[in-house]
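# Observations on the model geometry
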Amino acid sequence: MKLLKSLALATLILAVAAPAASARKEKKKTYNHVTVEIPKVEKTVIPVETEHTQLVLMVQENGVLQTLHYGIRIADPQAFKDFRTLRSHDNGSGPMAYPTTGGRYIGEPALHVKYADGYHNTQLYYTGHDVRRNGNVVTTVVTLKDYVTLLEVKLVYDAYQKEDVICMHSEILNGSKQAVELQNYASGSLYLDADKFYLTHFHGGWADEMQMDGEVLTHDTKVIESRRGTQATQCNNPSFLVSLNTDRLQENTGEVVAGALAWSGNFRLSFEMDESNRLNILAGISPFASAYTLSAGQTFTTPDFIYTFSGRGAGQASRNLHAWARNYGVYGGGQVNPTLLNSWEGAYFTFTTETLLRMIDDAASMGLEMFVLDDGWFAKDYPRNNDDAGLGDWEVNTAKLPEGIDYVASYAHEKGLKFGIWIEPEMVNPKSNLAHAHPEWVVQSPGREMLQSRNQWVLDMSNPAVQDFVYGIFDNTMQLAPNIDYIKWDCNRIVSDFGSEYLGGDQDRFYVEYTQGIYNVMRRLRAKYPDTIVQCCSSGGGRVDYGALKYFNEIWTSDNTDALTRVYIQYATNLIYPACVMASHVSAVPNHQTGNVTPLKFRFDIACSGRLGMELQPKNLTEQERALADRCIKSYKQYRDLVFTGDVYRLASPYDGDYYALMYVSQDQSRAVVFTYCTKYQNRAIGGHPFRMDGLDPARKYKVTELNVNRSCWWGSGKTHAGDFLMNGGFNPLLLQTFASAVFYLEAE
Ligand code: DGJ
């Protein structure tokens, strides 16, 4: 009622005030140096709440919208109405909900607009807000306006009640009669208040993605940015965790804010600690070479900035994000995807129909559920027999596969397997018919050498004709055989020396419209192929973000299939992204990327903590190895629903020591699977390592069984134990050697 009253009042005030402002503007023809009256509004608290968390926005009397609190949910957020702080407003302007360049604000702006007359000032004032509930999601839209330039911004907050996650974005409307230039246009801003902030973020490179990094933030601004265009996440990821009042990431204790940007192109995260020790986090599209011209009346919608607050360490923050991802953020999230054999590391480019059929036989007899034909099956005039030709010419290479794809796919289906196939639709090799037919589709700058990477060029996805072509590649590939079940969508180079013939004089739109182009294509494809499983691969984890995951079921976590390297990559990936998206394959040793030799059991135990696959030539396995593989695949099917839909609890971090352990627990706490690994021998292992299980019902009894061994490494395997015993130090498996690993299945009585 109170809310309705203030809304009505605000609308009334606006109805009177707005015409006056615009009349004045029209008369002057220029809007700078104009004194306009900002309508007075009532101090209003706008709580954006989930079951356990709360973001408190506050409209000050002067109409400025501020963020007063993000954290634990307080019973009566109206208490913030009288909240005072002595922090000076003369030097800066307080924690604005969406800081803009202009007024007293001097920090990193969420929004920086350059107007037609060359001025850069934007000052946004509250004009109204609206709250709608749709089941589990409460959406709050706050409208802000600059009364001088008539720019309007809607801040949209979707609060996912059960998951304790807020997704926010902004909608920027140019209400003036002239075009404006958006120079910074972040999705959102989040102010946090603490004595100390520990930032965890992710860096890496090819075959080494998602390495966890961290630091105590100091004053000024820490920026994490990608300018790679495609493969935006190969070196940095648009995600983070900020731990409050501590100098390390803690799993089970302390306040942690975790966030991610749902955008598959250039991104920018900034963490600015001001002179009052307040931290402002901005997340958005990178402004790099991307000043965006917004014509009169046009609206720009920014991608979602997703965040969560946990009062119980990083573990709860991950579980919140994962639950949101499974329920809303990942295409087909929560569905169990099939185990598979992928042809890449087992055959690379060198195969015949016979090679593939025998791999299918082996996959079927091992109990795998799908066969995926990777790179090398296409192009006739410039056959794809290595990586220097063929991309762009998506016709079956009948010299290599005379019977066609249908024959191979039907064989897989007859054997009871699903069938999947690889494409790399955004790319073209100079050695291809496509490159000759459509040189204007290639990303390039006039008069300059067209730089190759992996012998290929990037197609200009900002061009709608290219989008149609790329849509057609997927669509036509789906027609190569009835019932293609899975597409692996690859993308093997970054954008450099960018330029788009299609965009002509407006090159600043390139990076944004490239990414929007992919989403346009994926939206159309999903309308036609809602049930196809689509993997997002980009030389491994080059496109791991919640923007892509709206359309893709899973990611190829890394080209690095070495189980030891995967320990670190998967641990860090899973801080932000749920296990159901992490494709993880058992490959041959010595490992093709690192040369490491690890036991097959260790390789399986690592791969089984994500979506299990194999990527080797099965006929090279010994009989003993085959027996172990069959056993691991069989037991995976018994518990994999926990990997796909359970809650993760991390018991030991490989970044902190020589053990890695995690478990997935069913939502009703009746079943769980525990993975334990030793990455390096140490003498103290002879006492058994005391892991504390987590997430179980302390009062229930669980039968614990070690899987895939004849003799367990834990004395308690095969027996029943109370949940509180398992969670308080009774569980101490003997992981004696480097690469020892053990998987335990728990079932409540
Ligand atoms: C890079 C991918 O990440 C690999 O898995 C494989 O599909 C190759 N491309 C094929 O060229």
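### Comments concerning the overall build of the protein chain
Looking only at helices and strands, the protein chain features twelve helices and 35 strands. Counting every position in the protein chain, which comprises 749 residues, the buried fraction comes to 63%. Across the protein chain, the fraction of contacts at a sequence separation of at least 24, relative to all contacts at a separation of at least 6, is 70%. Split by element, the accessible area of the protein chain, about 27200 Å² in all, is 50% carbon and sulfur. When the 69 positive and 84 negative side-chain charges of the protein chain are each reduced to one mean point, those points stand 4 Å apart.

### Comments concerning the nonpolar core
By size, the foremost hydrophobic cluster in this structure holds 193 residues, and its most contacted members are Tyr 157, Trp 377, Tyr 546, Met 614 and Tyr 639. Here this core gathers at least three residues from each of two domains, domain 1 (7-329) and domain 2 (650-748). What Tyr 546 contacts, discounting residues up to four positions off in sequence, is Ala 260, Leu 261, Ala 262, Ile 306, Leu 321, Trp 324, Ala 325, Gly 329, Val 330, Ile 576, Tyr 577 and Pro 578. Within the second largest apolar cluster, 27 residues are counted, among which are Met 663, Val 665, Met 693 and Phe 744.

### Some thoughts on the pairing of strand S7 (residues 151-160)
Counting buried positions along S7 yields eight of ten residues, so the element is predominantly enclosed. In the sheet, strand S6 (residues 137-145) pairs with S7 via nine bridges, with the strands oriented antiparallel. Counted as the bridge partner of Val 137 is Tyr 160 from S7. Pairing of S7 with strand S8 (residues 165-174) involves ten bridges; the strand directions are antiparallel. Its bridge partner lying in S8, Tyr 157 is registered against Met 168. In textbook terms, the turn of a hairpin is the stretch between consecutive antiparallel strands, and for S7 and S8 this stretch comprises four residues, one of which, Asp 164, has a positive phi near 60 degrees.

What counts, and at which threshold
- Residues numbered from 1 in each chain as written.
- Predicted model: local features only at pLDDT ≥ 70, side-chain atom pairs only at ≥ 80, totals over all residues.
- Heavy atoms only, no water.
- Helix = DSSP H or I, 4+ residues; strand = E, 2+ residues; numbered from the N terminus.
- Buried < 20%, exposed > 50% of the residue type's maximum accessible area, 1.4 Å probe, protein only.
- Contact = heavy atoms within 4.5 Å.
- Areas by Shrake-Rupley, 256 points an atom, 1.4 Å probe, with all protein chains shown as cover.
- Lys, Arg positive; Asp, Glu negative; His and termini not counted.
- Charge placed at Lys NZ, Arg CZ, Asp CG, Glu CD.
- Core = buried A, V, L, I, M, F, W, Y, C linked by side-chain atoms within 4.5 Å.
- Domains from an automatic or database assignment.
- Pairing = 2+ DSSP bridges.

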